[in-house]
Amino acid sequence: MRSDDTPSTLHPRPQMVRQQWASLDGWWEFAFDDANAGLSERWFDGRELPQRILVPFPYQSSTSGIGSREIHEVMWYTRSVEVPEGWDSGALLLHFAAVDYRADVWINGRVAGRNRGGHVPFSFDIAPYLKPGANRVTVRVEDRQDPYQPRGKQSSSGTPVRIYYYCTSGIWQNVWLEPVPALRIDYLRITESRPDGTLALNVHLHGPSSDWEAELDVLDGLESRQVIAQARTRSSNACIELRTQLADPRPWSPKDPHLYPLRVRLLHRGQLIDSVESYTGLRSIELKDGWFHLNGERIFLLMALDQGYWPDTLLAAPDDAALREDVLWAKRFGFNGVRKHQKIEHERWLYWCDRLGLMVWEEMPNARSWSEESEERLEIEWLRAVTRDANHPSIVAWVPVVESFGFPELVRHPHQHDFLERMVARTRMVDATRPVIDNDGWQHTDVTDVCTIHDYSHPVEALLERYASTRLSGLPPDTGWHKGKALFLKGAQYRGQPIVFSEVGGYLLAPDQPERRRDRLYDAYGNVRNEDELAQRYRTLMEGLASLPFLAGLCYTQLTDVEHEQNGLLTAGRVPRLPPEQVAALHRQLWPNA
């Protein structure tokens with residue numbers, strides 16, 4: 001991302017900051033390799049490549065300087081890097097925030113590492129491969145049109161159609177260098193951060209079990225330098241727990257998103273080895289009696305579907321300001337949360353959700369077809385995403401699978417059914433503090449924490465009629481809106497979980513073209529002719545949903561237009577279709593506890 005903000009503000013990884021780092025974003029040399037000849041011809045030897053691309057934007061985007069919408073499954077990047085003076089005393093980490101999908105990295109013609117997974121970060125210590133002066137960094141990326149690969153909403157044809165859009169291939173998030181000690185802090189995991197002021201974290205080390213000491217300072221706020229709590233622990237293990245209690249705690253919530261900066265220091269036999277900065281918010285999320293409770297108080301989840309997509313940069317954000325602005329738009333409309341749909345968003349977007357106060361359902365981009373290997377790919381990448389993001393107070397739910405994407409035989413294939421349950425179990429092993437939705441929308445198993453329903457029935461009267469019996473019994477219908485799919489799979493049943501309409505609305509602005517030429521999407525969603533009709537339909541829908549006594553939350557489709565899918569409260573250029581203050585006033589009137 002490009003921005004004029006200070007480097008400290010724009011650190012790509014706000015929850016684990018060291019003061020020394022250097023961005024490698026900018027112009028790189030670039031080449032397509034449609035013949036897949038680069039490996040045999042040794043393009044990794046540091047040679048100059050013929051094109052130029054602006055990293056971190058995908059080649060399909062106009063901002064990248066390439067702007068080709070054609071499918072190219074193999075591409076190469078290279079650039080020269082000179083290591084700043086004084087950075088050669090330990091390890092030097094080369095970080096990639098996200099590269100879609102498989103990346104091979106060379107330094108001066110030598111393999112430094114490989115990664116598979118298009119939505120999660122990875123890094124390598126490149127110090128052993130460096131030489132004095134300029135060093136050549138080369139990256140080969142494969143992004144196959146593979147239905148077994150987690151790809152989210154990227155169209156298999158490369159062309160937007162129905163609910164799929166242009167692809168985002170290659171490097172699409174930040175690249176940076178970070179000098180670190182050979183023995184260092186590897187990962188911080190906040191295990192407790194409660195509204196009563198209880199704070200505990202595990203400091204995972206890159207180093208052996210030895211004579212370690214860890215120290216923690218907790219500051220009063222992001223703009224404060226006052227230390228209000230401390231902890232100090234000695235340990236012979238390579239994972240150290242720090243625990244403290246904050247006096248007069250200020251819980252995090254969308255209305256008061258207070259954050260506490262953290263400073264963590266690592267010492268070895270009395271000598272300071274490493275230090276990092278992070279932050280936390282004190283909050284709890286619980287499910288009780290069919291409702292969500294934030295910090296012990298019942299709250300209605302009022303969310304918008306957010307796909308994190310921009311016309312000129314696609315899935316890559318234009319800059320940090322654009323990430324911040326999308327969070328602010330959701331809040332201006334009066335939403336207290338978003339469901340980030342089929343995308344693991346940039347860590348700085350989560351930082352702004354934490355800082356500005358917006359709850360998040362995090363969701364894994366799914367594959368489109370099933371195999372045992374596709375299951376393995378999905379699970380590994382998903383658990384890496386959960387590990388990356390588990391410290392963010394804004395995240396209040398995990399969603400590994402949506403609408404059975406990639407699991408077409410759930411009804412007839414017990415193995416696929418079992419895998420959904422395993423995904424929930426393994427997500428809880430990484431983070432047991434948040435609810436997990438097994439398969440958002442329909443075809444739930446017995447272990448889902450929330451009963452989520454996607455329903456685009458229109459008009460509103462038809463939607464309300466579908467749930468007439470639920471008003472009386474509290475039990476959801478057996479089948480859902482889409483093709484009569486079962487809400488719960490065979491052998492599973494509703495067990496009193498909160499009921500959330502996690503996709504609803506979706507009113508498409510009718511295009512100026514004959515119906516026979518419209519996308520099939522218009523057969524599923526309701527249509528409106530103009531903004532006035534949208535305003536009326538939106539009010540009628542929300543008033544109808546507010547009349548449902550069993551509803552614990554909803555997610556309106558959607559926050560912004562995406563390509564041909566013109567059903568956003570904002571256009572793709574972030575121009576509001578409805579006055580945000582009027583929408584927010586309606587929300588406050590209907591759901592005062594949102």
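Quick caveat, the model's predicted, so the values are computed rather than measured. (Residues numbered from 1 in each chain as written. Predicted model: local features only at pLDDT ≥ 70, side-chain atom pairs only at ≥ 80, totals over all residues. Heavy atoms only, no water.)

(A) A look at the overall build of the protein. Scanning the protein for helices and strands turns up eight helices and 31 strands. By the compact-globule yardstick of 25 Å for 594 residues, the protein fits well, its C-alpha radius of gyration being 24 Å. Every one of the 594 residues in the protein was classed for burial, and the buried ones make up 60%. As displayed, the protein offers around 22,900 Å² of accessible surface, 47% of which is attributable to carbon and sulfur atoms. (Helix = DSSP H or I, 4+ residues; strand = E, 2+ residues; numbered from the N terminus. Rg over C-alpha atoms; globule rule 2.2 N^0.38 Å. Buried < 20%, exposed > 50% of the residue type's maximum accessible area, 1.4 Å probe, protein only. Areas by Shrake-Rupley, 256 points an atom, 1.4 Å probe, with all protein chains shown as cover.)

(B) Quick peek at the environment of Pro 249. Following the sequence through the fold, Pro 249 ends up in the loop between β17 (239-245) and β18 (260-268). Given a relative accessible area of 27%, Pro 249 falls into the partly exposed group. Here the alpha-carbon distance between Pro 249 and His 72, two residues 177 residues apart in the chain, equals 53 Å. Setting aside its immediate chain neighbours within four residues, Pro 249 contacts Pro 195, Asp 196, Gly 197, Tyr 260 and Leu 282. (Contact = heavy atoms within 4.5 Å.)

(C) How the structure looks around the sheet that holds strand β15 (residues 212-219). The strand order β16-β15-β18-β19 describes an open sheet built from four strands, whose pairing is antiparallel. Either end of the sheet is taken by a strand with one partner, and the two such strands are β16 (227-235) and β19 (271-280). On average, adjacent strands in this sheet sit at an angle of 15° to one another, irrespective of strand direction. The sheet contact formed by β18 and β19 spans nine bridges and is antiparallel. Paired with Leu 266 across the two strands is Asp 274, which belongs to β19. (Pairing = 2+ DSSP bridges. Axes fitted to C-alpha atoms, helices over the stretch in contact; angles between N-to-C directions.)

(D) Seen up close, the sheet that holds β17. Read across the open sheet, the three strands follow the order β13-β14-β17; overall the sheet is antiparallel. Both outer strands of the open sheet, β13 (184-193) and β17, are each paired with one neighbouring strand and no more. Taken pair by pair, the neighbouring strands of this sheet meet at an average axis angle of 20°, ignoring direction.

(E) Molecular detail of the side chain of Gln 173. By the element assignment, Gln 173 lies in the loop between β11 (170-171) and β12 (175-180). Excluding its chain neighbours within four sequence positions, the residues that come into contact with Gln 173 are Pro 56, Ala 97, Ala 98, Ile 344, Glu 345 and His 346.

(F) Seen up close, empty space enclosed by the protein. Under the defined criterion, the tally for this structure stands at five cavities of 30 Å³ or more. Here the largest cavity defines a volume of roughly 100 Å³. Along the walls of the largest cavity sit 15 residues, with Lys 153, Gln 154, Gln 307, Leu 315 and Gln 342 positioned nearest its centre. Taken together, the residues that form the lining of the largest cavity break down as six nonpolar, six polar and three charged. One number sums up the size of the second largest cavity: a volume of about 60 Å³. Every residue lining the second largest cavity is listed: Tyr 59, Gln 60, Arg 69, Glu 70, Ile 71, His 72, Asp 143, Gln 145, Gly 158, Tyr 166, Cys 167 and Ser 169. Taken together, the residues of the lining of the second largest cavity break down into four nonpolar, five polar and three charged. (1 Å grid on protein atoms, 1.4 Å probe; cavity = no way out; pocket = protein on both sides within 12 Å on 5 of 7 lines; lining within 4 Å. Points joined across faces, edges and corners; volume = space filled by probe spheres on them. Nonpolar A, V, L, I, M, F, W, Y, C, P; charged D, E, K, R; others polar.)

(G) Just the nonpolar core, in detail. One finds Phe 292, Trp 349, Trp 361 and Trp 382 to be the most contacted residues of the largest nonpolar core, which totals 66 residues. By residue number, the principal contributor to this core is helix α2 (residues 347-356), which donates six residues. Once residues lying within four places of it in the same chain are set aside, the contact partners of Trp 349 are Asp 306, Leu 323, Val 327, Val 338, Lys 340 and Val 360. With 40 residues, the next largest nonpolar core counts Phe 300, Val 460, Ile 499 and Leu 559 among its residues. (Core = buried A, V, L, I, M, F, W, Y, C linked by side-chain atoms within 4.5 Å.)

(H) Layout of the pairing of β15. β15 sits mainly inside the fold: eight of its eight residues count as buried. Side chains Trp 212, Ala 214, Leu 216 and Val 218 project from β15 onto one buried face, and the interleaved Glu 213, Glu 215, Asp 217 and Leu 219 project onto a second face that is buried too. Judged from the eight bridges that link them, β15 and β16 form a sheet pairing that is antiparallel. If you follow Asp 217 over to β16, its bridge partner there is Gln 230. Relative to β18, β15 is paired through seven bridges, and the arrangement is antiparallel. Bridged to Glu 213 within β18 is Leu 267.

(I) View of the packing of helix α3 (residues 372-389) against helix α4 (residues 414-430). Where α3 meets α4, the closest approach of the two axes is 10 Å, and the angle between their N-to-C directions is 20°. Regarding the angle of α3 to α4, the classification is roughly parallel. Classified by chirality, the crossing of α4 by α3 is right-handed. Of the residues in α4, those in contact with Glu 375, Leu 378, Glu 379, Trp 382, Leu 383, Val 386 and Thr 387 of α3 are His 415, Gln 416, Phe 419, Arg 422, Met 423, Arg 426, Thr 427 and Val 430. For the contact of α3 with α4, a count of residues per class yields seven nonpolar, four polar and four charged. (Parallel < 35°, antiparallel > 145°, perpendicular 65-115°, else oblique. Left-handed = near helix turned anticlockwise from the far one by under 90°.)

(J) Region of interest: the packing of aromatic side chains. Under the counting rule described, the total for this entry stands at 23 aromatic pairs. Site record: aromatic cluster; members linked through ring pairs are Trp 28, Phe 30, Phe 32, Tyr 59 and Tyr 77. Residue placement shows Arg 368 over the ring face of Phe 405; its charged tip is 4.3 Å from the ring centre. (Phe/Tyr/Trp six-rings, centres within 6.5 Å; stacked < 30°, edge-to-face > 60°. Lys NZ or Arg CZ within 6 Å of the ring centre and 35° of its normal.)

Interpretation note: all reported values are geometric properties and have no functional meaning in isolation.
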